[in-house]
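Descriptive analysis of the structure
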Amino acid sequence: NTQVHSAKTTLAPVKNIKNIVAVASGKGGVGKSTTAVNLAYALMQEGAKVGILDADIYGPSVPMMLGNPEARPQSQDEKHMEPPQAWGLVANSIGYLVPAEDAAVWRGPMASRALKQILDETLWPVLDYLIVDMPPGTGDIQLTMAQQVPVTGAVIVTTPQDMALADAQKGITMFNKVEVPVLGLIENMSYYQCTQCGHIDPIFAEHGGESLAEKYQLPLLGQLPLNTRLREHSDAGTPLVVTEPDDAMTQTYREIARAL
Ligand code: ADP
């Protein structure tokens, strides 16, 4: 049965979790994980209790971005694990559980099962938000998430580039089909401002996020520039929102958090 339908009305809520927010993108490499991680911390700074689930089974990047790739969930018994934390953010990821090269070659059903298992067996504390860093695209895992998990809403990350926008539309269509509300769009890599001369260069074109938001009548929640420090903080495992609370980009993430 390949028919896509919504099972939302029959889904039991996940224990302790008020809202599950999927951060998704049609295309890889647009900054979905970077956005998910920084948005999670921004929500914390706004006073919420937050966790993050890395649903990118084939390419988990949350452990590196949180700076704790060596962390391991503590197993309580065969079916329950205590998730790692980084700067107060509770997190779980396939990256903490199996070597990357193993998970990378799993078939779809196995990856979907693994994801469901991580979600169900993690002893999440009481959370206002569980942010889910979705894998890119609209395949098996995305449908598992959307149909088997009571997702409150989805946020779509895109760059202003035509190709990314086309794929973002596929993501919007998928969430519409499974009746998960799309809460809004985040445009990432909107422009680059030269640190030497201040010149602004819209590397991936302009107005893409705005026109997509208009087309689907969705809020454009925020626009983030291409920025070396944001990338460096991600690579170093010291998320910008945590380590540079006064930065303009941190303020943008917090505005997005308040709009959710
Ligand atoms: P995705 O989850 O969509 O695959 P990532 O969040 O992993 O994308 O980002 C891809 C790469 O781009 C990473 O190296 C990340 O650090 C970098 N990156 C993401 N957003 C920005 C940005 N606004 N400025 C600079 N680098 C960014």
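Residues numbered from 1 in each chain as written. Predicted model: local features only at pLDDT ≥ 70, side-chain atom pairs only at ≥ 80, totals over all residues.

In the nomenclature of an unreviewed UniProt entry, the protein corresponds to Iron-sulfur cluster carrier protein from the organism Salinimonas marina. In its Sequence similarities (unreviewed entry) section, the UniProt entry covering the protein states "Belongs to the Mrp/NBP35 ATP-binding proteins family." Regarding the protein, the UniProt comment filed under Subunit (unreviewed entry) reads as follows: "Homodimer." (UniProt positions renumbered as here; feature names shortened; annotations may be inferred.)

Another aspect to go through is the confidence of the model for the protein. When the pLDDT values of the protein are averaged, the result is 92; 96% of them are 70 or greater. Predicted complex metrics record ipTM = 0.99 and pTM = 0.94. (pLDDT = per-residue confidence, 0-100.)

Ranked by size, the top nonpolar core spans 67 residues in total, and within it Val23, Leu39, Ala40, Leu89, Ile131, Val132 and Ala154 carry the most contacts. Examining the composition of this core, we find that 8 residues originate from one element, helix H1 (residues 32-45), more than from any other. Not counting residues within four places of it along the chain, the set of residues in contact with Leu89 comprises Ala40, Tyr41, Met44, Val50, Gly51, Ile52 and Leu66. (Core = buried A, V, L, I, M, F, W, Y, C linked by C-beta atoms within 7 Å. Buried ≥ 20, exposed ≤ 12 C-beta atoms within 10 Å, placed from the backbone. Helix = DSSP H or I, 4+ residues; strand = E, 2+ residues; numbered from the N terminus. Contact = placed C-beta atoms within 7 Å.)

As a further point, take the UniProt feature "binding site: ATP" (unreviewed entry) in the protein. Under the feature "binding site: ATP" (unreviewed entry), the UniProt entry names Gly26, Lys27, Gly28, Gly29, Val30, Gly31, Lys32 and Ser33. Secondary-structure assignment places Lys32 in helix H1. Setting aside residues no more than four positions away along its own chain, Lys32 makes contact with Val23, Ala24, Ser25, Asp133, Pro136 and Val157.

Below, the discussion takes up the pairing of strand E1 (residues 17-24). The two faces of the sheet receive side chains in turn, since in a regular strand these alternate between them. Summarising burial for E1: 6 of the 8 residues are buried, a large majority. Alignment of E1 against strand E7 (residues 127-133), held across 6 bridges, turns out to be parallel. What sits directly across from Ala22, in E7, is Val132. For E1 and strand E8 (residues 153-158), the ladder comprises 4 bridges, and the chain directions are parallel. Looking across to E8, one finds that Ala24 is bridged to Ile156. (Pairing = 2+ DSSP bridges.)

Our next topic: the packing of helix H4 (residues 108-121) against helix H5 (residues 140-148). Running from N to C, H4 and H5 point in directions that differ by 40 degrees, and their axes come no closer than 9 Å. Taken together, the axes of H4 and H5 are oblique relative to one another. As for the relative orientation of H4 and H5, their crossing is right-handed in sense. Contact residues: Gly108, Ala111, Ser112, Leu115 and Lys116 in H4; Asp140, Ile141, Thr144 and Gln148 in H5. (Axes fitted to C-alpha atoms, helices over the stretch in contact; angles between N-to-C directions. Parallel < 35°, antiparallel > 145°, perpendicular 65-115°, else oblique. Left-handed = near helix turned anticlockwise from the far one by under 90°.)

With respect to the helices, strands and loops of the structure, Met189 is situated in strand E9 (residues 182-193). Judged by the 24 C-beta atoms lying within 10 Å of it, Met189 is buried. In this structure the C-alpha to C-alpha distance between Met189 and Gly59, which are 130 residues apart in sequence, comes to 21 Å. Excluding residues that lie within four positions of it along the chain, Met189 makes contacts with Gly31, Thr159, Ile203, Phe204 and Leu226.

As a further point, take the site of the ligand. Inspection of the region around the ligand gives 18 residues, with Gly31, Lys32, Ser33, Thr34 and Arg231 positioned closest. Counting only elements with at least two residues in the shell around the ligand, the list comes to H1, E9, strand E11 (220-226) and helix H8 (228-236). (Near = placed C-beta within 6 Å.)

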